[in-house]
Amino acid sequence: MTTISKIKEIEDEINKTQKNKATSYHLGQLRSKLAKLQRELINPTSGGGSGGPGQGFDVARTGIASVGFIGFPSVGKSTLMSGLTGTTSEAAAYEFTTLTTVPGTMDINGAKLQILDLPGIIEGAKDGKGRGRQVIAVSRTCNMIFMVLDVCKPLADKAKLEKELEGVGIRLNKQPPNISITKKDKGGVMISHTVPLTKIDHDVVKAVLSEYKINSASVMFRQDATVDELIDVIEGNRVYIPCIYVLNKIDQISIEELDLLYKIPHSVPISSKEWLNIDELTEKMWEELRLVRVYTKPSKAPPDYSQPVVLRQGKSSVLDFANAIHKEIAKQLKFAMVYGASSKHPRGQRVGVDHILMDEDVVTLFKR
Ligand SMILES: Nc1nc2c(ncn2[C@@H]2O[C@H](COP(=O)(O)OP(=O)(O)OP(=O)(O)O)[C@@H](O)[C@H]2O)c(=O)[nH]1
Ligand SMILES: [K+]
Ligand SMILES: [Mg+2]
């Protein structure tokens, strides 16, 4: 039996099983088994046909962040990519026009982004259909995903694509679950929580831990987590990526239909062919990338606003800033003066190397 058919079998059993107190232990076991099988699809150990990274799919990474385009064939990914970057990625009316990763760059508010146009994927992509597995492998390494959807096609496509990505450990528009598991030598499983747990009970937690052979541990929930979030923490190889649902081809629909589309969270309706509403898309993209622009100010001189140093959120300390300019500068760094949102005083604040900078801060570095 192949991994894929085993997954299918467990999914069927989960769907058949009624959710109640009596079945929760069993469901916890099933969900864990499913996650373990899915792990084999993320890191296939055997050759498995078209599995594994494909030649020509890995491209040299440039820029501060990368955005990968995921979607079914002919939804307009390449048309959008060419328009945004100026790099031509062939677009045509037939499916699978794009056969490999096509990189381009886009400048947004002084930050250079890498845009990766990808081949269309089909349902079952993660299980090795078409070039799907390679496409998904590239998208796992992106800082943002554009899920491109054709508004003339059924909206169910969105859920299908999400399932493909979820199946390989990609979590869209989610934060890592706030659950900590501390393994112990003895004492059994201790469960505590700072908020009421409405989606799981102790039986499920015990079933999951036992399925992963964790017999003694203290588990602390700081959010109302689901069983899948618990499993995510145990499995550990999840990637959390912001995703914008790009609803393309709105030139084909009515205003009334357009109004309905606006109800979908994290979405932007556009037309890549008629170049409609692209500004909203790039604004949203900028917002969700949460990049931090920092301007240098030499001491006793005005700030240099011509070219920001662009950092990523989570890696935007004064030391990160110095490193981005030059390793030697970082080595000699003693303290900094900061002006802007992260500074306590409008006239600037003296800060240490661990101080976290915010977008549009101005910084003067002082050496030892
Ligand atoms: N009406 C309309 N057609 C569009 C739009 N964007 C793209 N198209 C058309 O849709 C077809 C497919 O466009 P592509 O850009 O090749 O789509 P793709 O998603 O890159 O396709 P694959 O690489 O084959 O997966 C082409 O005929 C485009 O002209 C749009 O906004 N409106
Ligand atoms: K196409
Ligand atoms: Mg294409």
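Residues numbered from 1 in each chain as written. Chains lettered and ligands numbered in written order. Predicted model: local features only at pLDDT ≥ 70, side-chain atom pairs only at ≥ 80, totals over all residues.

A few words now on the sheet that holds strand β7 (residues 189-193). Reading across the sheet, the 3 strands line up as β6-β8-β7 and stay open at both edges, with mixed pairing between neighbours. The open sheet has two edge strands, β6 (179-183) and β7, and neither has a second partner. Neighbour-to-neighbour, the strand axes of this sheet turn through a mean angle of 10°, independent of strand direction. With 5 bridges joining them, β7 and strand β8 (residues 217-221) adopt parallel strand pairing. Looking across to β8, one finds that Ile 191 is bridged to Val 219. (Pairing = 2+ DSSP bridges. Helix = DSSP H or I, 4+ residues; strand = E, 2+ residues; numbered from the N terminus. Axes fitted to C-alpha atoms, helices over the stretch in contact; angles between N-to-C directions.)

Moving on: the UniProt feature "domain: OBG-type G" (unreviewed entry) in the protein. Feature annotation in UniProt assigns "domain: OBG-type G" (unreviewed entry) to the following positions: residues 65-290. Along residues 65-290 one finds 30% helix and 25% strand; the C-alpha atoms at either end are 10 Å apart. (UniProt positions renumbered as here; feature names shortened; annotations may be inferred.)

Turning our attention to the nonpolar core. Membership of the largest hydrophobic core comes to 59 residues, with the highest contact counts inside it found for Met 147, Val 246 and Val 363. When residues of this core are sorted by domain, at least three fall in each of domain 2 (65-174 + 239-289) and domain 3 (291-367). Not counting the four nearest positions on each side in its chain, Val 246 is found in contact with Leu 80, Phe 146, Met 147, Val 148, Leu 149, Val 268, Ile 270 and Leu 281. Of all hydrophobic cores here, the second largest spans 16 residues; its members include Val 204, Val 208, Ala 225 and Leu 230. (Core = buried A, V, L, I, M, F, W, Y, C linked by C-beta atoms within 7 Å. Buried ≥ 20, exposed ≤ 12 C-beta atoms within 10 Å, placed from the backbone. Domains from an automatic or database assignment. Contact = placed C-beta atoms within 7 Å.)

In the neighbourhood of ligand 1, 24 residues make up the surrounding shell, with Gly 76, Ser 78, Ala 91, Thr 98 and Gly 120 lying closest. By residue number, the principal contributor to the shell around ligand 1 is helix α3 (residues 77-85), which donates 3 residues. Taken together, the residues of the shell around ligand 1 sort by class into 7 nonpolar, 12 polar and 5 charged. (Near = placed C-beta within 6 Å. Nonpolar A, V, L, I, M, F, W, Y, C, P; charged D, E, K, R; others polar.)

With that out of the way, let us pick up the domain arrangement of the protein. Each domain of the protein was delimited in the assignment, giving domain 1 (3-43 + 177-235), domain 2 (65-174 + 239-289) and domain 3 (291-367). When each unit is reduced to the centre of its C-alpha atoms, the spacing between domain 1 and domain 3 is 43 Å.

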